Amino acid sequence: MTRRNHHTVLRIFLAFSLTVSAMPYGSAVRAQDIIASDDIAGGSSVFVFRQSRKKPQVRSAHMQAYASRGAAGSVSRRRVNAYVASHARTRRTPSLVKNTSAVRAAAAEKRRIALSNTLTATADKMFESKDVDGAIANYRQALKEYPKNANAKDGLSDALTSKGITVAGDSANLNGAEFLAEAVTLDPKDLAAYAKLGEIYDANDQNAKAIESYEAALRMDPAFTEVFVPLGIAYFKAGEIAKADVYAAKAEAAGTETADGRYLRGLVQFKQNKDNEALASFDRAIALDPNIVAAYYYRGQVLDRQQHDDQALASYKQAVTRDSTFAPAWFEIGVVSYNTGDYTTAAGAYQQTVQYEPDNAEAHANLASSYRQLERYPDANKEYWLASNGIKNDPDLHSEWGYCLGKTNEWDKAIKQETTAQEISPTAVDYTNVGWAYYNAAEADKQAKNDASASANYEIGKAFLQKAVATNPNFDAAYLNLGSTYNALGDFQNAVATLNHAVDLHANWVIALNQLGVGYRGTNNLSAAASAFSRVLSLDGSNVSSLFYLGEVQYSLGNKKEARRLQQRLSSINPTLANRLDRILDGKEVLDAAGKKILNKIPIPKIPF
C-alpha cells in the first residue's frame, strides 16, 4: 500500500488495508468490526486480524518466577545472612599429619608430609590474619604435596567458605557460588556454605539449586528457622504450592510475625485463589516492611484478577516507585494500560520492561502491538523482529508483523510474514492475508510500472484466496479479496460472481459493493453497475469513487443530467476528481472500454472512518 503524497498523483485504486477483527473462522466478519485505514480509495482489499486488532494482552506467563525479585532487603534474607555469619567457622584447631609408618616410609614421602605440614601451618596463620587468598593457595599446595592431609583439606574448605561469603556479600553475587560449591565438596557438613549457597542461588533465579542447598542446611540444623520463608518462596517459584504452604506454616509457628512471612502466606493464598485473604496478607506484609517490592506486584496481580484495573495499576506503580528497575511490574503496567486503551502509557511501560529485561520476547511483542495501535509502524516492525527471536511458531505475531510491514510499504517482507503465519496456521484468515499481501505488492508493482511483476503477484494472490474460500466457504473477507483480485486481472465475470457472494455474506458492505460495481462495469452491465454504486452512496453519501463511477456510468447510459448532478456533489468533496469527471461529461476525455484506468493519476484524499 502506498501512502498518499499530495505532491504525486495516484490511482483511485490505490492498495489499502482494511483491518477486520476476525470472528470464529466459520462466521462472516461483522460490520462493526471493520475499520478503514488511511488510504481507502473506493475499496480493493482487506486485512483480517486473526483474533482482534485489540486482542487483550495477558499477564506475564512467568509471574511465579518473580516471587523473590525486588525483595533484596527482605527480612528473611537478612536473617539468613546473619545465620551464615554466626555459623561460619573460623580455622579449626590444626594438627600435624602423623606418619604412622615412618620406618617403612620412603624418604621422599617423609619430605612431602613434612612440606605439607609446613604449608598447612603457613596457611593457618594466613587465614587467621584474614589473608584468605594466600591461605587458599597454601592449602591447595599442601594437598598437592600430600593429598591425605585432612587438616589441609579442612582448612581449604573453611577458607573457601570464607572467600565465597565475602565475594557473595549481601547482594548474593553469583561469583561467590563457585567457592562455596567447592567448599561443600570438600566438607559435605559445611552448614554455613550450604546456607549461603541457597541464598545466592535464590537471588540469581537458580531455583532448583536454591532448594537443594537450603534443604541440605536444614537437614544439618533443623533449628535453622531463618530458612523457612526463603525455602517456601523457592518452592512457590517451583510450582510446589503444597510445600510452600508447609513452610509458610512453619515460619508462622516459629514465632514473631515478619513481613516476609506474611508475604509468603500471601503468595500461597494467591495460588489458592483466596483473593481477599491474599490481599490482606500482602497489605500486612507491606505494613510491616514497605520496601518489599514484590508484595506490591502480587497485590496488583490479585486486583488484576478481580478486574479492579485502576487499583491494580496503582499497586504496580507503587512497586516501580520503590524499585524503578523492577521489570515485572513495568510489564503489568503495560498490560493494564493496553487493555484499557491507553497505548501511550503501555508503550512507555514496555520500553522500561525491555530496558531491564532486553531478552523478554513477550514484552517486545506487546511493545510492538502498542506501537501498532499508535500507528508507529517502523517502531512496531523493529519490536516484532526482536520478539520473533524468542517467540516461535506464533501465527498472530507474524500476521500482525506482516500488517505493519504493509503499512511501511515493505510488501516483500509482508508477504514473507503472512506466509509464515499461514504455514503455522493454515486457516481461511491466514490464506486471506497472504492474498492481501500479494494483491498490494501487485498494486505497488503497477505504480512502479512493472506490469509483469504485478500480474505474477496477482496470480499468486489469487491462488491463496481460492484456498481461503475453499477452506471456509462462509468467509466474507476472502471473497472480497478474491473478487478484487479478479477485477485487477480483468476477469470481471468471476469478479461479479465472487463479490455477489461477499455481499450475500456481509450485507451493505460498502467496499464489496464498490468492487461489485467495478466488476459489473467491466462486463458492460452498466445498469447493474449503477445499482451497485447507488447502493454504496445510500450507505456512504461521500464515497468519492462511487460518486465518480456512478457519474461516468450514468453518462454512458445517457442520463447526462443525473451525471452532472453527481459531478456537482463530487466537486464539494474532491474538486480534482470532479474536474476529471467534468472533462468526461464534456467529451474531452475518453474512457477505455473496461474502465480499468478511469481514475489513473487522480490524487485521492483521506476518507475519514
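The structure we're discussing is the one just above.
Position numbers for residues start from 1 in each chain and track the written sequence from start to end. Totals for whole chains, interfaces and linings use every residue, but because this is a predicted model, local features are given only for residues with pLDDT of at least 70 and side-chain atom pairs only at 80 or more, for both listing and counting. Only hydrogens and water are removed before side-chain values are computed, so all heavy atoms of the structure are retained for them.

Draft legend 1. View of the packing of helix H23 (residues 492-505) against helix H24 (residues 510-522). At their nearest, the axes of H23 and H24 sit 8 Å apart, and the two run at 155° to each other. Looking at the two axes, H23 sits roughly antiparallel to H24. Crossing geometry of H23 relative to H24 is assigned as left-handed. Contacts between H23 and H24 involve Phe492, Val496, Leu499, Asn500, Ala502 and Val503 from the former and Ala512, Leu513, Gln515, Leu516, Val518, Gly519, Tyr520 and Gly522 from the latter. Note on geometry: axes are lines fitted to C-alpha atoms, helical ones only across the stretch in contact, with angles between N-to-C directions running from 0 to 180 degrees. Numbered from the N terminus, helices here are DSSP runs of H or I no shorter than four residues, and strands are runs of E no shorter than two. Throughout this description, any angle smaller than 35 degrees is read as roughly parallel, any larger than 145 degrees as roughly antiparallel, any in the 65 to 115 degree range as roughly perpendicular, and the remainder as oblique. Take the far helix as your reference; a near helix turned counterclockwise from it by less than a right angle gives a left-handed crossing, and one turned clockwise gives a right-handed crossing. Note on contacts: a residue pair qualifies if any of its non-hydrogen atoms lie within 4.5 Å across the two residues.

Draft legend 2. Here's a closer look at helix H17 (residues 377-388). A helix is expected to span 1.5 Å for every residue after the first. Here H17 spans 16 Å end to end across twelve residues, near enough to the 16 Å set by a 1.5 Å rise per residue. Burial status follows relative accessibility: with a 1.4 Å probe on protein chains alone, a residue under 20% of its type maximum counts as buried, one over 50% as exposed, and anything between as partly exposed. Burial in H17 covers these residues: Tyr377, Ala380, Asn381, Glu383, Tyr384, Ala387 and Ser388. Contacts made by the buried residues of H17 are with helix H16 (361-373) and helix H18 (395-407).

Draft legend 3. Spotlight on the packing of helix H14 (residues 327-339) against helix H15 (residues 343-356). Running from N to C, H14 and H15 cross one another at 160°; their axes reach a closest spacing of 8 Å. In terms of axis orientation, H14 runs roughly antiparallel to H15. H14 and H15 meet at a crossing whose hand is left-handed. Within the contact between the two elements, H14 uses Ala327, Trp330, Phe331, Ile333, Gly334, Val335, Ser337 and Tyr338 and H15 uses Tyr343, Thr345, Ala346, Ala349, Tyr350, Gln352, Thr353 and Tyr356. Under this grouping Gly is polar, as are all residues other than the nonpolar Ala, Val, Leu, Ile, Met, Phe, Trp, Tyr, Cys and Pro and the charged Asp, Glu, Lys and Arg. The class makeup of the residues in the contact of H14 with H15 is eleven nonpolar, five polar and no charged.

Draft legend 4. Region of the structure containing the packing of aromatic side chains. Here is the rule: rings of Phe, Tyr and Trp (six-membered ring for Trp) pair when centre to centre is within 6.5 Å. Planes less than 30 degrees apart are stacked, more than 60 are edge-to-face, and the remainder are tilted. Counted under the stated rule, the structure contains 24 aromatic pairs. Judged by centre distance (6.0 Å) and plane angle (10°), the rings of Tyr438 and Phe464 are stacked. In this pair, Tyr438 sits in helix H20 (residues 428-447) while Phe464 sits in helix H21 (residues 451-471), placing the two residues 26 residues apart along the sequence. The class of Tyr438 is buried, set by a relative accessible area of 13%. Chaining the aromatic ring pairs together yields one cluster made of Phe236, Tyr263, Phe270, Phe282, Tyr297, Tyr298, Tyr316 and Phe326.

Draft legend 5. Examining the environment of Ala278 more closely. Of note, Ala278 is situated in helix H11 (residues 275-288). Note: C-alpha distance between Ala278 and Arg265 (13 residues apart in sequence) is 7.5 Å. Those residues in contact with Ala278, other than ones at most four positions away along the chain, are Gly266, Gln269, Phe270 and Val302.

Draft legend 6. Molecular detail of the nonpolar core. We call a set of buried residues a nonpolar core when its members are Ala, Val, Leu, Ile, Met, Phe, Trp, Tyr or Cys and they connect through side-chain atoms within 4.5 Å of each other. Judged by nonpolar contacts, the single largest core of 81 residues is most densely connected at Tyr384, Tyr403, Phe475, Leu480, Phe533 and Leu570. The leading source of residues in this core is H20, at eight residues. Leu186, Ala248, Leu303 and Ala329 belong to the second largest nonpolar core, which has 79 residues in total.

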